[in-house]
Amino acid sequence: MRRFLVLLAVVLAVAACTPDPNAPPKAPGPKVADLWRDFPVDSALDRPLIVLDPLPLTDEAARGRAPAPAVLSAAAPPSRQLTVQGLSRYVTLTSARDALAAIRSQTAHAALPEARVTGTELTVSPFRTDRGPVELPAWEFRLAEGGTMRWPALTAGHFWRLGSMVPSALVGDLVVHGRTLSATFTVSWGLPCPGTAAPWITPTVVEYPSFVSIGLKVSSTDMGDCDQRVSVPLRKATLTLREPLGNRVVVDFAGRVVPGDYG
């Protein structure tokens, strides 16, 4: 019986099915293009932050809980200058009330037991982004049952789809230097049955105005009909872009963000 890892199925859904290395790979699926087509890239100052942490940030005591409704201040703290990823930005902050509403709007928390909010504090917290860690103002909520939750205190316009971004599980160790991308790719497939040729694969890059998609191009999904052992080797590769990456986002073929080292 054929057995394939889910990770391979995601890659194959958008990979080209030809052994010709000169043939252009297929574009990412419509959902991937829809997600990133409108990402702003004209200016580094206007580039939204892409936070990859599962939000809200919680400590061990607060994990598995959701904050209950609370009467909190609707007054937003004063706007401020903030240096983020080497650039000085003028940022606007959200109120504690709106930050709590944002946490409660996360569908993943809808079925969790609720905890009463006993206090709030505007603090600073590290967040993981596609271009490295950043320190951002954050609202911290203390819970009566113990523990704290934190949510970025910048208004939603400073972010790209805050709370819904997930890092890639297919591509990692990304390093960017100008037009050169180096990364490690997960290669997952069942070993071919006797007499069945192993699939031809190669790391591939597809460029778009607002994002760059990298992944594996696979020649065939046919492994034969025998029982197979599954292997998950990692392949390091270097890819060259037609032009410098600039403010574009690097994603895998499933549309998930590939965080990296941008020097």
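Residues numbered from 1 in each chain as written. Predicted model: local features only at pLDDT ≥ 70, side-chain atom pairs only at ≥ 80, totals over all residues. Heavy atoms only, no water.

1. So, the pairing of strand β10 (residues 180-186)
The buried fraction of β10 is high, at 5 of 7 residues. The pairing of strand β9 (residues 171-177) with β10 spans 5 bridges and is antiparallel. If you follow V176 over to β10, its bridge partner there is L181. What sits between β9 and β10 in their antiparallel hairpin is a turn of 2 residues, with G178 showing a positive phi close to 60 degrees. Of the pairings in the sheet, the one linking β10 to strand β15 (residues 234-240) comprises 7 bridges and is antiparallel in character. By the bridge assignment, S182 is partnered in β15 with T238. (Buried < 20%, exposed > 50% of the residue type's maximum accessible area, 1.4 Å probe, protein only. Helix = DSSP H or I, 4+ residues; strand = E, 2+ residues; numbered from the N terminus. Pairing = 2+ DSSP bridges.)

2. Some thoughts on the sheet that holds strand β17 (residues 260-261)
Strands sit in the order β15-β10-β9-β17 across an open sheet of 4 strands; the sheet is mixed. Because the sheet does not close on itself, it has two edges, and the strands there are β15 and β17.

3. Re the confidence of the model for the protein chain
Interpretation of the predicted coordinates at a detailed level should be avoided for regions scoring low in pLDDT. Averaged over every residue, the pLDDT of the protein chain is 85; the share at 70 or more is 81%. Between the elements of the protein chain, mean pLDDT differs from a low of 38, seen in helix α1 (residues 6-12), to a high of 98, seen in strand β8 (residues 148-152). A low-confidence stretch, residues 1-25 stays under pLDDT 50, and its non-local contacts, those more than four residues away or across chains, total 62 contacts. (pLDDT = per-residue confidence, 0-100. Contact = heavy atoms within 4.5 Å.)

4. With respect to the side chain of E207
Here E207 shows up in strand β12 (residues 201-207). Judged by relative accessible area, which is 12%, E207 ranks as buried. From its side chain, E207 meets the backbone nitrogen of R242 in a polar contact 2.5 Å long. At 3.1 Å, the side chain of E207 and the side chain of R248 are in polar contact. Beyond its immediate sequence surroundings of up to four residues, E207 is in contact with V212, L241, R242, E243 and R248. (Polar contact = N/O pair within 3.5 Å; in protein donor to acceptor, adjacent residues only side chain to side chain.)

5. Things to note about the environment of T92
Within the secondary structure, T92 sits in the loop between β4 (87-91) and α3 (96-104). Judged by its relative accessible area of 31%, T92 falls in the partly exposed class. Taking C-alpha positions, T92 is 8.4 Å from H158, a pair spaced 66 residues apart along the chain. Excluding residues within four positions of it along the chain, T92 makes contact with S79, A153, L154, T155 and H158. Side chain to side chain, T92 and T155 meet in a polar contact 2.7 Å long.

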